[in-house]
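Next come the chains, spelled out residue by residue.
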Amino acid sequence: MKGFFITGTDTDVGKTIISSGLAAVLKEKNVDVGVFKPLLSGIVREDHASDTSLLKELSQTSLSHEDITPFQFKEPLAPYVAAKLEGKLVGLEDVLSHWGKIRDKHECFIVEGAGGISVPLGEGFLVSDLVKALQLPIVIVARPNLGTFNHIFLTVQYAKSVGLSIAGIVINGISDDPDIAERTNPELIEEFCQVPILGITPKLKDIAKENIKKMVEDHINVNLLINQLEEVK
Ligand SMILES: Nc1ncnc2c1ncn2[C@@H]1O[C@H](COP(=O)(O)OP(=O)(O)OP(=O)(O)O)[C@@H](O)[C@H]1O
Ligand SMILES: C[C@H](N)[C@H](N)CCCCCC(=O)O
Ligand SMILES: [Mg+2]
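Residues numbered from 1 in each chain as written. Chains lettered and ligands numbered in written order. Predicted model: local features only at pLDDT ≥ 70, side-chain atom pairs only at ≥ 80, totals over all residues. Heavy atoms only, no water.

1. Quick look at the overall build of the protein
Piece 1. Summing up its helical and strand segments, the protein has 10 helices and 10 strands in all.
Piece 2. With respect to the principal axes defined by its C-alpha atoms, the protein has extents near 45 × 35 × 35 Å.
Piece 3. Sorting the 233 residues of the protein into buried and exposed places 51% on the buried side.
Piece 4. For the protein, long-range pairs separated by at least 24 residues make up 77% of all intrachain contacts whose partners lie at least 6 apart in sequence.
Piece 5. Taking the average place of the 23 positive charges on the side chains of the protein and the average place of its 32 negative ones, the gap between the two points comes to 2 Å. (Helix = DSSP H or I, 4+ residues; strand = E, 2+ residues; numbered from the N terminus. Buried < 20%, exposed > 50% of the residue type's maximum accessible area, 1.4 Å probe, protein only. Contact = heavy atoms within 4.5 Å. Lys, Arg positive; Asp, Glu negative; His and termini not counted. Charge placed at Lys NZ, Arg CZ, Asp CG, Glu CD.)

Structure below.
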């Protein structure tokens, strides 16, 4: 099994859009790709607008919604908090036990966390602990505008400090007419973070499935990512 863990500088930065577009592009390149979004909050996994449904549809995996997302919670909160409100506790070993059931079903996996890299997912573990356990390189998705540099820099420093491998950064949702911060941020990020920018994706007017795939194809250096795929034991 090989793959990437898609994290971000925050919730709502476009992790699912980038993950599902990436899965669609890999699929088209004949990579046997699966998806895993183990903890979902604020929406039911079968809802057509859920992260789970978009990831499933664009990857064309035969994994079920339940395989892709074994844990779901009602409130739109960090999964740990949302679970506690329902009197539930999920441990890292529970997530890994589900992972063990699906990880051999595809050669390559795109895994999505929830929110940013240090969001509490369950009892005693953060997104970064799950990344470490899965041994996957991360892709950091970030917004393009003023303020993003600080979030990206902190995410990169934190990831390095806990020993994660960083495949690169995707700056998602740049405007048609970028302002001076959006125009200068990419160079600043590469200079200080020493991590490659894999792509800068536009703000889509229509989030249709074909547009998501085309956006990733046209604006992300997928080959640079593929070259970083390494077998995880
Ligand atoms: N490039 C883009 N162009 C237009 N809309 C976008 C783009 N990227 C993301 N969006 C929209 O922004 C919203 C948040 O995106 P997305 O759901 O991918 O975020 P996320 O980082 O996965 O959030 P979460 O932490 O909840 O998983 C969605 O409504 C999505 O359709
Ligand atoms: C519900 C939402 N869409 C995300 N999946 C969860 C985001 C948790 C963010 C927690 C935080 O950083 O304060
Ligand atoms: Mg998402």
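Resuming the write-up.
2. Brief notes about the site of ligand 2
Piece 1. Close to ligand 2 lie T11, S41, P76, L77, A78 and V119, which account for all nearby residues.
Piece 2. Coverage of ligand 2 by the protein chains reaches 59% of its 390 Å² of free accessible surface.
Piece 3. Taken together, the residues of the shell around ligand 2 break down into four nonpolar, two polar and no charged. (Near = heavy atom within 4 Å. Areas by Shrake-Rupley, 256 points an atom, 1.4 Å probe, with all protein chains shown as cover. Nonpolar A, V, L, I, M, F, W, Y, C, P; charged D, E, K, R; others polar.)

3. Quick notes on the environment of S41
Piece 1. Counting through the fold element by element, S41 comes out in strand β3 (residues 39-41).
Piece 2. Given a relative accessible area of 22%, S41 falls into the partly exposed group.
Piece 3. Sequence-wise, S41 and L77 are 36 residues apart; in three dimensions their C-alpha atoms are separated by 6.3 Å.
Piece 4. With residues near it in sequence (within four places) discarded, S41 still touches F73, E75, P76, L77, P79 and A82.

4. Some remarks on the coordination of the magnesium ion (ligand 3)
Piece 1. The protein atoms that coordinate the magnesium ion (ligand 3) are T16 (OG1), D51 (OD) and E112 (OE), at distances spanning 2.0 to 2.2 Å.
Piece 2. Among the residues examined, E112 registers a relative accessible area of 2% and is labelled buried. (Donors = N, O, S within 2.8 Å, 3.2 Å for Na, K, Ca; no water.)

5. So, the site of ligand 1
Piece 1. Surrounding ligand 1, one finds 17 residues, the nearest of these being T11, K15, T16, P202 and L204.
Piece 2. Burial of ligand 1 by the surrounding chains reaches 73%, relative to a free accessible area of 630 Å².
Piece 3. By residue number, the principal contributor to the shell around ligand 1 is helix α1 (residues 15-28), which donates three residues.
Piece 4. In terms of residue class, the shell around ligand 1 is made up of six nonpolar, five polar and six charged.

6. Focus on the packing of aromatic side chains
Piece 1. Within the structure shown, the criterion is met by four aromatic pairs.
Piece 2. Between F36 and W99 the ring centres are 5.1 Å apart and the planes differ by 25°, which places this aromatic pair in the stacked class. Note that F36 is positioned in strand β2 (residues 33-36) and W99 in helix α5 (residues 92-102), a separation of 63 residues in sequence.
Piece 3. Classification of F36 as buried rests on a relative accessible area of 0%.
Piece 4. Ring centres 5.9 Å apart and planes at 80° place the aromatic pair F149 and F192 in the edge-to-face group. With F149 in helix α7 (residues 148-161) and F192 in helix α8 (residues 180-193), this pair connects stretches of sequence that are 43 residues apart.
Piece 5. Members of the aromatic cluster, joined through ring pairs, are F36, W99 and F109. (Phe/Tyr/Trp six-rings, centres within 6.5 Å; stacked < 30°, edge-to-face > 60°.)

7. What about the pattern of salt bridges?
Piece 1. Inspection of the entire model under this criterion finds 10 salt bridges.
Piece 2. Measuring nitrogen to oxygen at the nearest pair gives 2.6 Å for the salt bridge that ties K213 to E28. A residue pair is termed long-range when its members are at least 10 positions apart, and K213 in helix α9 (residues 209-219) and E28 in helix α1 qualify at 185 residues.
Piece 3. A salt bridge links E57 to K209; its shortest N-O distance comes to 3.2 Å. With a gap of 152 residues between them, E57 in helix α2 (residues 51-59) and K209 in helix α9 connect regions that are remote in the sequence.
Piece 4. The class of E57 is partly exposed, set by a relative accessible area of 46%.
Piece 5. Through salt bridges with shared partners, one network takes in E28, K213 and E217. (Salt bridge = Lys/Arg side-chain N within 4 Å of Asp/Glu carboxyl O.)

Read these as layout, nothing more, since geometry by itself doesn't imply function.
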